[in-house]
Amino acid sequence: MHPLLGLIAAFVTVLQTPAAPPRDVAPWERQAARVTIIRDDWGIAHVYGKTDADAVFGMVYAQAEDDFNRVETNYLNSLGRLAEAEGSAVIYQDLRQRLFIDPDTLRAEYRRSPPWLRRLMDGFADGLNFFLYKHPDVKPRVITHFEPWMALSFTEGSIGGDIETISVAGLARLYGDSGSAAPRSGDEDDPPDTPGSNGIAIAPRNSATHHALLWINPHTSFYFRSELQMASEEGLDAYGAVTWGQIFIYQGFNRTAGWMHTSSGVDNIDEFYETTDRHPRTVTLRFKTDAGMATKTFTVYSSKHGPIVRKEGDRWVSVSLMQNHVNALIQSYSRTKARDLIAFRRIMELHTNSSNNTVFADASGDIAYLHSNYIPRRDTSLNWTEPVNGDDPKTDYRGVLSFDETPNVVNPSSGWVYNSNNWPWSAAGEGASPRRERYPRYVETGTEETPRGYHALRMLTGKTDWTMTSLTAAAFDSYLPAFERMIPTLLAAYDQLPATDSLKTKLAEPIAALRGWDYRWSAESVPTAVAVYWGERAGRRVDPDARAAGISPISYVATRAKPAELLESLATAVEALASDFGTWRTPWGQINRFQRFNDDIASHFDDARPSIPVPFTASAWGSLAAFGARPYSNTKKWYGTRGNSFVAVVEFGDSVKARAVTAGGESGDVHSPHFNDQAERYASGNLRDVYFYRSQLVGHTEREYHPGQ
């Protein structure tokens, strides 16, 4: 053989020889053999393991199969490593995270964790690492190896954690260039809305079957969570929505109980002026550049209250928020195994559910509204909505409020509870809800009932004989209470116009359309489109004055806005509709669209590509079913990116029954049949049956396998 041919043959042999497997692949293979994943005909993973740790191993493996990019991105965010993938533009966002998340501290907390919790965290890391080992074609942006302690960085599954209340720009001005205006996380062009979620629980005496019912309707960014089931021989059997990469069902139910989280208006994040208590440390961050990876080291400060995050004049301001990673993970995981309200309440004694309220129902017939259960007990003579003097002993916390000191509602006389990110004072209707005067002001910051609150009260008060079907219909009821408050003021302003005013003629037909409207959305409704275009413009116009008055823009439009503000906003709305769509008489469904053709975390849209009409509106107008949409620089149509995401109705009887739908589909793979197979059901509110019991999967199974097969 020619020497050169021999060299080529040897080189090819080297290329074809697989890399040596990691030393721990044998334990991974053994654990994978103890896990079975069944994909149903919607692509949803039902994961069965011998132990809870096996179930965690399998569920994170299944999540990585569906969308590894979203799993990794969540940990880049939670670990303060996003700049390693996206560059210096997000370095202050990373710094904000690293003020609270220190890897060495989390490693130590992992070592001190209860053995059962360590096993779950081990299963988390092993499941993701096994996935990467089995899928060499998947190229992580940054994290090529997951470690168990990383699970402690991401213990709260809501879309906006407590840390995100801290201004990135303020942090940049303090620790970087004094002229810096660092971009915030999120989309600067999103229209104003009142984001939120809906939870409803119906007591057995108000249901036709005499079983408790639960409505689960988180409003989040689309594709923020996957839908799956995880079960084990150690008593775990939970179904619902899992924030990508977490080890627990965040919104969902088990065989006998269900839980639905809504964002809370509690005041439990406090700021302190610091003059003497400022301790320095260094934080080094890596960030991506065109030339490779670079580093930047910051000297940051903290006090006994927490990290120092900004300056106000020449005063340094620290922030205090709930930080108990181990107990937070224990609470988030353990509640998925709670069989009834007694067990769920016992888990709440950990007091780490800081940013959420909870609506709960169980098979025993108990229902409850449970307010945020991390509320520091504080001196009520101080205004905790503003920074307080950190050197004053009066600002010291005095433990946390107990369950009985918190505005919770358990088995109210009304027979129902609900929350829609509004205050707790109407959680069970008149006469059955907590009374505001009995609680410290800091338990709730809301100042008025929300449009969705009015809508829910209208739907729930006095109604009995609820079924899964009627509860679903109520949650997709088309009434828009905000416009029932606002439009009469607009009509009165129009009626007062002199006949000679040019607006009298110009707005005559749009006003007639609004005057005859029933304040209900539909895809065919022209008045819905006119009202939304007008409401957005009027709301933006009065927003500064509304803020100064301490009321919502909707209340301001309904009670205080000048006639000219209302009429000129309608004129510009009509002009915009005509400019964008050729006529102001454009049905709402031709504007408001659902589209999914890529899995980028920042979605892209195209009017030339297929999309489907969505009849419901943003939650700001009081629609319980929410669809937050807007036009983009390259579109005329509005495309949704937030609102209804995972939606489910559950009945707790001798067996649990459920129906659900997920925005788009389960898979992030554009080539998968499950990338967008639920879109039509999502837009119409046509929930599908949930296959909770293994016997229900017979005839509905696409694939059954062990991880790695």
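Residues numbered from 1 in each chain as written. Predicted model: local features only at pLDDT ≥ 70, side-chain atom pairs only at ≥ 80, totals over all residues. Heavy atoms only, no water.

Enquirer: Let's hear about the overall build of the protein chain: which residues, and what values?
Expert: Regarding its fold elements, the protein chain presents 20 helices and 27 strands. Over its C-alpha atoms the protein chain spans a radius of gyration of 27 Å, differing by no more than 12% from the 27 Å that the globule rule assigns to 709 residues. Each principal axis of the C-alpha distribution contributes one length, and for the protein chain these read about 100 × 65 × 60 Å. Per-residue burial for the protein chain yields a buried fraction of 59% across its 709 residues. Within the protein chain, contacts between residues at least 6 apart in sequence are counted, and of these 69% link residues at least 24 apart. (Helix = DSSP H or I, 4+ residues; strand = E, 2+ residues; numbered from the N terminus. Rg over C-alpha atoms; globule rule 2.2 N^0.38 Å. Buried < 20%, exposed > 50% of the residue type's maximum accessible area, 1.4 Å probe, protein only. Contact = heavy atoms within 4.5 Å.)

Enquirer: Residue-level account of the pairing of strand S4 (residues 212-217), with values.
Expert: Where burial is concerned, most of S4 is hidden: six out of the six residues are buried. Burial along S4 is two-sided: the face carrying Ala212, Leu214 and Ile216 and the face carrying Leu213, Trp215 and Asn217 are both buried. Here five bridges tie strand S3 (residues 198-202) to S4, and the two strands are oriented antiparallel to one another. Bridge pairing in S4 places Ala201 opposite Leu214. Pairing of S4 with strand S24 (residues 646-652) involves five bridges; the strand directions are antiparallel. Bridged to Ala212 within S24 is Phe652. (Pairing = 2+ DSSP bridges.)

Enquirer: Before we move on, could you go through the confidence of the model for the protein chain and cite the residues and values that matter?
Expert: Of all residues in the protein chain, 94% attain a pLDDT of 70 or more, and the chain-wide mean is 93. With pLDDT under 50 throughout, residues 1-20 is counted as low confidence; its partners more than four residues away or in other chains account for one contact. In the model, residues 179-192 has pLDDT below 50 throughout and makes 18 contacts with residues more than four positions away in sequence or in other chains. (pLDDT = per-residue confidence, 0-100.)

Enquirer: Quick rundown of the packing of helix H2 (residues 25-33) against helix H3 (residues 52-78)? Include the residues and the values.
Expert: At a minimum axis distance of 9 Å, the contact between H2 and H3 shows a crossing angle of 100°. Our classification of the angle between H2 and H3 gives roughly perpendicular. Counting all contacts with H2, which are made through Trp28, Gln31 and Ala32, the residues of H3 involved are Ala53, Asp54 and Phe57. By residue class, the composition of the contact of H2 with H3 is four nonpolar, one polar and one charged. (Axes fitted to C-alpha atoms, helices over the stretch in contact; angles between N-to-C directions. Parallel < 35°, antiparallel > 145°, perpendicular 65-115°, else oblique. Nonpolar A, V, L, I, M, F, W, Y, C, P; charged D, E, K, R; others polar.)

Enquirer: Which residues make up the sheet that holds S3, and what values do they have?
Expert: The antiparallel open sheet is built from six strands, whose spatial order is S19-S3-S4-S24-S25-S26. Each end of this open sheet is capped by a strand with a single partner; those strands are strand S19 (416-419) and strand S26 (688-689). Lying over the sheet, helix H11 (residues 451-460) contacts S3 and S19, oriented at roughly 165° with respect to S19.

Enquirer: An account of the sheet that holds strand S8 (residues 251-253) is requested, with residue identities and associated values reported.
Expert: The 10 strands lie next to each other as S18-S16-S15-S9-S8-S7-S6-S2-S1-S27, forming an open sheet whose pairing is mixed. With one partner strand each, in any of the chains shown, strand S18 (409-410) and strand S27 (701-705) form the two edges of the open sheet. Two strands pair when backbone bridges link them, and strand S9 (residues 257-263) and strand S15 (residues 356-362) are joined in this way by seven bridges, in the antiparallel orientation. Bridging across to S15, Trp259 finds its partner in Phe360. Relative to S15, helix H10 (residues 341-348) is tilted by about 160°, and along the sheet it contacts S9, S15, strand S16 (367-370) and S18.

Enquirer: Before we move on, can you summarise the packing of aromatic side chains with the specific residues and values?
Expert: According to the stated counting rule, one finds 42 aromatic pairs in the structure shown. Pairing Trp116 with Tyr333 gives two aromatic rings, centres 6.3 Å apart and planes at 40°, and the pair type is tilted. One end of the pair, Trp116, is in helix H7 (residues 115-134); the other, Tyr333, is in helix H9 (residues 325-334), and 217 residues separate them in sequence. Three or more aromatic residues link up through ring pairs in this structure, and these residues are Trp28, Phe57, Tyr61, Phe68, Tyr75, Phe124, Phe130, Phe131, Tyr133, Phe146 and Phe154. Its guanidinium or amino end placed over the ring of Trp466, Lys463 lies 4.8 Å from that ring's centre, counting from NZ or CZ. When the ring centre of Tyr48 is taken as origin, the NZ or CZ atom of Arg694, which lies over that ring, is 4.3 Å away. (Phe/Tyr/Trp six-rings, centres within 6.5 Å; stacked < 30°, edge-to-face > 60°. Lys NZ or Arg CZ within 6 Å of the ring centre and 35° of its normal.)

Enquirer: Account for the environment of Val71, with residues named and values stated.
Expert: Tracing the sequence through the fold places Val71 in helix H3. For Val71, the residues in contact, after removing those within four places along its chain, are Gln63, Ala64, Leu128, Trp244 and Gly245.

Enquirer: A description of the environment of Glu680 should follow, citing residues and the corresponding values.
Expert: Here Glu680 is to be found in helix H20 (residues 679-684). You can call Glu680 exposed: its relative accessible area is 55%.

Enquirer: Go over the nonpolar core with me, naming the residues and quoting the values.
Expert: The biggest cluster of nonpolar side chains holds 94 residues, and the ones touching the most others in it are Leu95, Phe124, Phe146 and Met230. If you tally residues by element for this core, the top one is H3, at 13 residues. The contact partners of Met230, leaving out residues within four places of it in the chain, are Val47, Ala55, Val56, Met59, Leu236, Asp237, Ala238, Ile247, Ile249 and Tyr333. Counting residues in each nonpolar core, the second largest holds 80 residues, with Ile511, Leu570, Ala573 and Ala625 among its members. (Core = buried A, V, L, I, M, F, W, Y, C linked by side-chain atoms within 4.5 Å.)

Enquirer: I'd like a description of the pairing of strand S6 (residues 225-232), backed by residues and values.
Expert: Summarising burial for S6: eight of the eight residues are buried, a large majority. Side-chain alternation along S6 places Arg225, Glu227, Gln229 and Ala231 on one buried face and Ser226, Leu228, Met230 and Ser232 on a second face that is also buried. With five bridges joining them, strand S2 (residues 45-49) and S6 adopt parallel strand pairing. Across the sheet, Val47 pairs through a bridge with Met230, a residue of S6. Note: S6 against strand S7 (residues 237-243), seven bridges, orientation antiparallel. Of the residues in S7, the one forming a bridge with Arg225 is Thr243.

Enquirer: Please set out the side chain of Ser478 residue by residue, giving values where relevant.
Expert: In this structure, Ser478 sits in the loop between helix H12 (468-475) and helix H13 (481-495). With relative accessibility at 14%, the residue Ser478 sits in the buried group. Side-chain polar atoms of Ser478 contact the side chain of Arg520, separated by 3.0 Å. Excluding its chain neighbours within four sequence positions, the residues that come into contact with Ser478 are Tyr519, Arg520 and Trp521. (Polar contact = N/O pair within 3.5 Å; in protein donor to acceptor, adjacent residues only side chain to side chain.)

Enquirer: Could you give an account of the pattern of salt bridges, naming the residues involved and the relevant values?
Expert: Tallied over the full model, the rule gives 34 salt bridges. Here Asp104 makes a salt bridge to Arg107, at a shortest N to O gap of 2.9 Å. Here Asp104 pairs with Arg107, and both are found in helix H6 (residues 103-112), just three residues apart, close to one helical turn. The shortest N-O distance in the salt bridge between Arg377 and Glu405 comes to 2.5 Å. Here Glu405 lies in the loop between strand S17 (388-389) and S18 and Arg377 lies in the loop between S16 and S17, a separation of 28 residues in the sequence. We classify Arg377 as partly exposed; its relative accessible area is 26%. Overall, Glu405 belongs to the partly exposed group, its relative accessible area being 31%. Among the charged side chains, a salt-bridge network with shared partners connects Asp67, Arg70, Arg596 and Asp599. (Salt bridge = Lys/Arg side-chain N within 4 Å of Asp/Glu carboxyl O.)

Enquirer: Report on H9, specifying residues and quantitative values.
Expert: Note on helix geometry: an α-helix contains 3.6 residues per turn, so any two residues three or four positions apart are oriented the same way. The element H9 is extensively covered by neighbouring structure, given that nine of its 10 residues are classed as buried. Taken residue by residue, H9 has His325, Val326, Ala328, Leu329, Ile330, Gln331, Ser332, Tyr333 and Ser334 as its buried positions. Tucked inside the fold, the buried residues of H9 contact H3, H6, H7, S6 and H10.

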